[in-house]
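Here is how the chains run, residue by residue.
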Amino acid sequence: MIPEIGHFALILALCVAVVQGILPIYGAAVGNSSLMAVAKPAARGQFLLVATAFGCLAYAFAEKDFSVLYVAATSNSQLPLHYRLAAIWGAHEGSLLLWTFILTLWMFAVTLFSAHLPESTRSRILGVMGLVSIGFLLFMLTVSNPFERLIPAAAEGRDLNPLLQDPGMVIHPPMLYMGYVGFSVAFAFAIAALLGGNLDAAWARWSRPWTTVAWCFLTVGIAMGSGWAYYELGWGGWWFWDPVENASFMPWLAGTALVHSLAVTDKRGGFKVWTVLLAIMAFSLSLLGTFLVRSGVLTSVHAFATDPKRGMFILAFLAIVIGGSLALYAWRAPRVGLGGSFVAMSREGMLLANNVLLVAAMGSVLLGTLYPLFLDALDLGKISVGPPYFDTVFVPLMAPAIFLMGIGPLAQWKKASLPDLAKRLKWAFGVSVVTAIALPIVMGNWTPLLSLGILLAIWIVTTSVVSLRERLTHVAGNSFFERLASVPRSYWGMLVAHCGIAVFIVGVTMVKGFETEKDVRMNVGETATIGDYLFRFDGAQDVVGPNYTAARGSFAVSRDGRETTVLYPEKRRYTAQNQVMTEAAIDPGLLRDLYVSLGEPLDNGAWSVRLYHKPFIDWIWGGCFIMALGGVLAISDRRYRIAWRRQEPAVAEPTRAARRKVA
Amino acid sequence: MTRFLLPLSIFIVVVVFLGIGLKLNPREIPSPLVGKAAPDFSQPQLFEPAKVFSPADMKGKVWLLNFWASWCSGCKTEHPVLMDLAKSGEVPIYGMDYKDQRDEAMTWLSRWGNPYPVVGVDDAGRVGINYGVYGVPETYVIDKQGVIQYKQIGPLDSETVEKKIIPLVKQLEAQ
Amino acid sequence: MNIQWIALIVVLFLSGPVWAGEARPLADDPASEARLKHLAVELRCLVCQNQTLADSNAPLAEDLRREVREMIAKNMSDQEIIEFLTARYGDFVLYRPPLKATTTLLWVGPFLLVIVGATALIITLRRRASKVVDVPVTEDEHRRVEQLLTEGGKRP
């Protein structure tokens, strides 16, 4: 009964989505206020309906209803409740429901925070989101129904893939989807602006907080996925340039470019056409990601079970949504105005140069990801494009981008002077270069990449310090703290996000340069040294988990004779699928991670063991969280808060409308 | 105006490729060995370990070399097809028992039938590596000069046998 | 006590659970193992979804690692080892695609993108500079907007 309610809710949601996708947009085109007024209740109704469906699926999982095919396929009666709930998005159908649910959640958010928008704009935005939602709902109802019954019901479920039975699974996909789908708001804003023909600076101002929020979610989502791979896969790697990882990274790069390009459009009214294109691109790449993950055109560690019918559906959907938007873009963009003037050597110019590099980086990831497919389709042979390619290509693209990142915030808007910038930055530059050369030598391992990494990280930090110092001399306030407090939050946000990049670079560089690993065979009582740490193997015991049995090794770790910690890596055998998983044990630290994973049992209770000492690795994810924190700071800035709080009448007074045009 | 059409054009190209991609199998890797001489080996035979099996013995004949194992489920799928092909006498199928237990392999063949005149044993998987085998079953069509003419990745089915293998064998026989 | 017993005790003493003994490396020759690792991270495991030869536990990956180990022991160069593998499995095993006619676009593409992008940006900025006459958003207006918004925010 409950699954049928869920199914029915989805059908109703589809009907609502159709109404929401058609009437408000038509109403906005003909200026019919009552048609436009449909948008808000429809979006809220759709949210409630999809939330109901989501709740029904969650209920089926919680109640172990194995008469639902999807539940039987991805869970098991022994699976703990939190993983049963996470199993909702453990495979194709349910993750699609999560996608749609989050899409309607964003719609609902738009209805809450759009009181200050002109009614026609709001209607178009919600209408476009409704159209996107039609595609997903149709997809679920036709070829990927999560509520499909299994008759007769299975006695026992097939269980969730053991790789996914991890706290990471509970939180990573929702975060990532919040990011992916969040770009749909910026996308809808862009399409609405193209439809309405009023692509003004106000549009950029409205889009900015939404884009930044989505970007924050995506940043955190990707970081969590990377961290999860690090401890779960047992190889100690944190990024594999796998097609599915790339699928999440491309919208991030486009989104990052968008965040910066919105700044130019907001400030100068310029490059609107480019910003609109980026907004379309960021969401299109999110959609492309779902295609790549679900269609089976590329092999990936993370891909869902695939089915060509589904692939065809998503491809058709992609063609309509993205093709339609780009066609609209080609039609409308030529009529958009130019905006304010500025020269190449200005903050705007640098932001745009950074955009070029970010988009080129995005294009390279796309090229590398799809190239094997291109060659295969043209029957020119099969190749693999993997980490060595991306590493080689990425460093030369990102290094200048990061260099510009240091200069940009110091350059004046409109027109900057190069000699002046050079003068202001000479200390930062000197400190960076000296540190970059000296530090690796002091640490006893000089490589060009190590030096480059340190150079870029120190460069970001020192230029940020210079920027902050200059900023403080310009703001009002007597005491130091008063002046600190009067610096706007959006500025802090930028500074923090940039420093997040620096932290990230330190992590990547130090791990690449100084990590050590050892493969040893350890008898009980034997020790192995890695870094400054001594590991003593105290044997392995059999333990029983809720749905697995495991051998749990015990390693006493000490440094200079003092015990640091005890680590318990496991080798688990999950009973339902009889699958063996390596559960690494990690002692995380600010300056290093100690990582132990069990290999195979040898004779006499000995095991083959892999030990890692990974300096600064947590900085990689720490850096990402700091970036996201920067984003949060930026949107908490006064001007966005005010824009959200002000409840304006639907039809704005003339003075306010005029004011909005200049904003 | 044209520059505004550029994104759409790029997108259309990508979509066309993705569409073609849906019909391709990314996991099937074409062998660079097709058109090259079949690598030599000399492996003990399954039923008579004292004797060796070598492609040199096959010079002047068109034959199939089928890598299989008793643990491989795809081999069970294609087995009836191999039996039919062996019965038809169109082409001899020689087996290579890939990374298997000898007794289990013999039990498997006595249970399901033996389509092979001779089965070689590749217990270490070395011959497999030399032939570029990456998953059993895989089948090679080798001509009179000992050159690999075709490689089937995965189980043979009767359609492939009728439409590809037998015409190819006939053509090679005629040379 | 005969010689066998003594031998057994010696063996037990040397190999048994010796307290605080240093664990032996898994590989007999850590140097060649390091070389194997260096090679294997750029090679693709053929049967896996998308894993390197170094990371995979698939039987074929183990066999191939064994082959590579033997080739290292035979003092073959990296180039020879890679040729051995591509002769059997094609370029698919290489995660770093070799530069060929078919992969030129792959290797040049990223830098082409930057050059095209930078050129387009410079041309656009130049053309823009000559076209822009009016300035829709001036600093002055910005200040005014900020002021108005602040006042708006303070209103209850």
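Shown above is the structure to which this text applies.
Residues numbered from 1 in each chain as written. Chains lettered and ligands numbered in written order. Predicted model: local features only at pLDDT ≥ 70, side-chain atom pairs only at ≥ 80, totals over all residues. Heavy atoms only, no water.

Asker: I'd like a description of the overall build of chain A, backed by residues and values.
Answerer: A tally of helices and strands in chain A yields 21 helices and 10 strands. Taken against the 2.2 N^0.38 rule, which gives 26 Å for 663 residues, the C-alpha radius of gyration of chain A at 27 Å falls within 12% of a compact globule. Dimensions along the principal axes, computed over C-alpha positions, put chain A at roughly 85 × 75 × 60 Å. Taking all 663 residues of chain A together, the buried fraction comes to 62%. In chain A, of all internal contacts separated by at least 6 residues, the share reaching a separation of at least 24 is 72%. Of the roughly 24100 Å² of accessible surface on chain A, a fraction of 66% belongs to carbon and sulfur atoms. Charge-centre separation for chain A: the mean point of 51 positive side chains lies 15 Å from the mean point of 41 negative side chains. (Helix = DSSP H or I, 4+ residues; strand = E, 2+ residues; numbered from the N terminus. Rg over C-alpha atoms; globule rule 2.2 N^0.38 Å. Buried < 20%, exposed > 50% of the residue type's maximum accessible area, 1.4 Å probe, protein only. Contact = heavy atoms within 4.5 Å. Areas by Shrake-Rupley, 256 points an atom, 1.4 Å probe, with all protein chains shown as cover. Lys, Arg positive; Asp, Glu negative; His and termini not counted. Charge placed at Lys NZ, Arg CZ, Asp CG, Glu CD.)

Asker: If you had to explain the state of the cysteines to someone new, which residues and values would you point to?
Answerer: Tallied over the full model, the rule gives one disulfide over all chains. Each disulfide pairs two cysteine sulfurs, and for Cys 72 of chain B the partner residue is Cys 75 of chain B, the sulfurs being separated by 2.1 Å. In this structure, the disulfide formed by Cys 72 of chain B and Cys 75 of chain B twists by about 95° around the S-S bond and is classed as right-handed. Residue Cys 72 of chain B shares its accessibility class with Cys 75 of chain B, and that shared class is buried. As a non-bridged cysteine, Cys 56 of chain A has Cys 15 of chain A as the owner of its nearest cysteine sulfur, 17 Å distant. For Cys 56 of chain A, a relative accessible area of 7% gives the class buried. (Disulfide = S-S within 2.5 Å.)

Asker: Break down empty space enclosed by the protein for me, citing the residues and quoting the values.
Answerer: Taken as a whole and judged by the stated rule, the model has seven cavities of 30 Å³ or more. If you add up the space inside the largest cavity, you get close to 280 Å³. Lining the largest cavity are 23 residues, and of these Leu 298, Thr 299, Pro 372 and Ile 383 of chain A together with Arg 44 of chain C lie nearest its centre. With five residues, helix 13 (residues 347–377) of chain A is the largest single contributor of residues to the lining of the largest cavity. In terms of residue class, the lining of the largest cavity is made up of 13 nonpolar, seven polar and three charged. (1 Å grid on protein atoms, 1.4 Å probe; cavity = no way out; pocket = protein on both sides within 12 Å on 5 of 7 lines; lining within 4 Å. Points joined across faces, edges and corners; volume = space filled by probe spheres on them. Nonpolar A, V, L, I, M, F, W, Y, C, P; charged D, E, K, R; others polar.)

Asker: With reference to specific residues and values, describe the pairing of strand 3 (residues 533–544) of chain A.
Answerer: Residue and element names in this part refer to chain A. In the sheet, strand 2 (residues 527–530) pairs with strand 3 via four bridges, with the strands oriented antiparallel. Opposite Thr 529, over in strand 3, you have Leu 534 as the bridge partner. Taking the residues between adjacent antiparallel strands as the criterion, strand 2 and strand 3 are bridged by two residues, where Gly 531 takes a positive phi near 60°. Once strand 3 ends, the chain turns through three residues before running back antiparallel as strand 4 (residues 548–559). (Pairing = 2+ DSSP bridges.)

Asker: Mind laying out the side chain of Asp 637 of chain A, listing which residues take part and the relevant values?
Answerer: Residue and element names in this part refer to chain A. Structurally, Asp 637 is set in the loop between helix 19 (618–635) and helix 20 (638–645). Residue Asp 637 is classed as buried on the basis of its relative accessible area, which comes to 4%. One polar contact links the side chain of Asp 637 to the main-chain amide nitrogen of Ser 490, over a distance of 2.6 Å. (Polar contact = N/O pair within 3.5 Å; in protein donor to acceptor, adjacent residues only side chain to side chain.)

Asker: Talk me through the sheet that holds strand 4 (residues 93–98) of chain B; I want residue IDs and the actual numbers.
Answerer: Residue and element names in this part refer to chain B. Taking strand neighbours across the sheet as the criterion, the five strands line up as 5-4-3-6-7 in an open arrangement whose pairing is mixed. Strands with a single pairing partner mark the edges of an open sheet, and in this sheet they are strand 5 (119–122) and strand 7 (148–153). Strand after strand, the sheet turns through a mean of 20° between neighbouring axes, direction not considered. When strand 4 meets strand 5, the two strands line up parallel, connected through four bridges. Along strand 5, the bridge assignment pairs Tyr 98 with Asp 122. Strands strand 3 (63–68), strand 4 and strand 6 (138–142) of the sheet are contacted by helix 2 (residues 73–88), whose axis makes an angle of about 155° with strand 3. (Axes fitted to C-alpha atoms, helices over the stretch in contact; angles between N-to-C directions.)

Asker: Tell me about the interface of chain B and chain C, and please be specific about residues and values.
Answerer: Contacts between chain B and chain C engage 18 residues on the former and 19 residues on the latter. Summing both sides of the interface, chain B and chain C together bury roughly 1500 Å²; the carbon and sulfur share of this comes to 48%. In this assembly, chain B and chain C are joined by three salt bridges. For Glu 67 of chain C, the salt bridge goes to Arg 126 of chain B, with nearest N and O atoms at 2.6 Å. (Buried area = accessible area lost by both parts, 1.4 Å probe. Salt bridge = Lys/Arg side-chain N within 4 Å of Asp/Glu carboxyl O.)

Asker: How would you sum up the packing of aromatic side chains? Please name residues and give values.
Answerer: All told, the structure shown has 46 aromatic pairs over all chains when counted by the stated rule. Centroid distance Trp 99 of chain A to Phe 283 of chain A: 6.3 Å. Interplanar angle 55°. Geometry classified as tilted. One end of the pair, Trp 99 of chain A, is in helix 6 (residues 92–112); the other, Phe 283 of chain A, is in helix 11 (residues 272–295), with 184 residues separating them in the sequence. Looking at Trp 99 of chain A, the relative accessible area reads 0%, which means it is buried. What makes Phe 283 of chain A buried here is its relative accessible area of 0%. Counting every residue linked through ring pairs, the aromatic cluster contains Trp 215, Trp 239, Trp 241, Phe 249, Trp 252, Tyr 389, Phe 390 and Phe 394 of chain A together with Trp 107 of chain C. When the ring centre of Trp 331 of chain A is taken as origin, the NZ or CZ atom of Arg 332 of chain A, which lies over that ring, is 4.5 Å away. Between Arg 88 of chain C and the ring centre of Phe 84 of chain C, over which it is positioned, the NZ or CZ distance is 3.7 Å. (Phe/Tyr/Trp six-rings, centres within 6.5 Å; stacked < 30°, edge-to-face > 60°. Lys NZ or Arg CZ within 6 Å of the ring centre and 35° of its normal.)

Asker: Please give an account of the pattern of salt bridges that cites residues and values.
Answerer: Residue and element names in this part refer to chain A. As enumerated under the stated definition, the model contains 32 salt bridges over all chains in all. Arg 310 is the salt-bridge partner of Glu 93, the closest N and O atoms lying 2.8 Å from each other. Placement of the pair is Glu 93 in helix 6 and Arg 310 in helix 12 (residues 308–332), with a sequence separation of 217 residues. Arg 310 sits in the buried class, given a relative accessible area of 11%. Arg 208 is the partner of Asp 266 in a salt bridge, and the nearest nitrogen-oxygen pair spans 2.8 Å.

Asker: Please provide a residue-by-residue account of the pairing of strand 9 (residues 592–601) of chain A, values included.
Answerer: Residues and elements named next belong to chain A. Most of strand 9 is tucked away: eight of the 10 residues are buried. Alignment of strand 8 (residues 585–587) against strand 9, held across three bridges, turns out to be antiparallel. Among the inter-strand pairings, Ala 585 is bridged to a residue of strand 9, identified as Val 596. Joining the antiparallel neighbours strand 8 and strand 9 is a turn of four residues. The pairing of strand 9 with strand 10 (residues 607–615) spans eight bridges and is antiparallel. Residue pairing across strands places Ser 597 opposite Arg 610, the latter belonging to strand 10.

Asker: So, the environment of Ala 282 of chain A: which residues are in play, and what are the values?
Answerer: Residues and elements named next belong to chain A. Within the secondary structure, Ala 282 sits in helix 11. Taking the relative accessible area as the measure of exposure, Ala 282 reaches 1% and is therefore buried. Distance from Ala 282 to Met 250, taken between C-alpha atoms, is 7.8 Å for residues 32 residues apart in sequence. Contacts of Ala 282, omitting those with residues within four sequence positions, involve Phe 183, Pro 251, Ala 254 and Gly 255.

In short, geometric facts, not functional conclusions.
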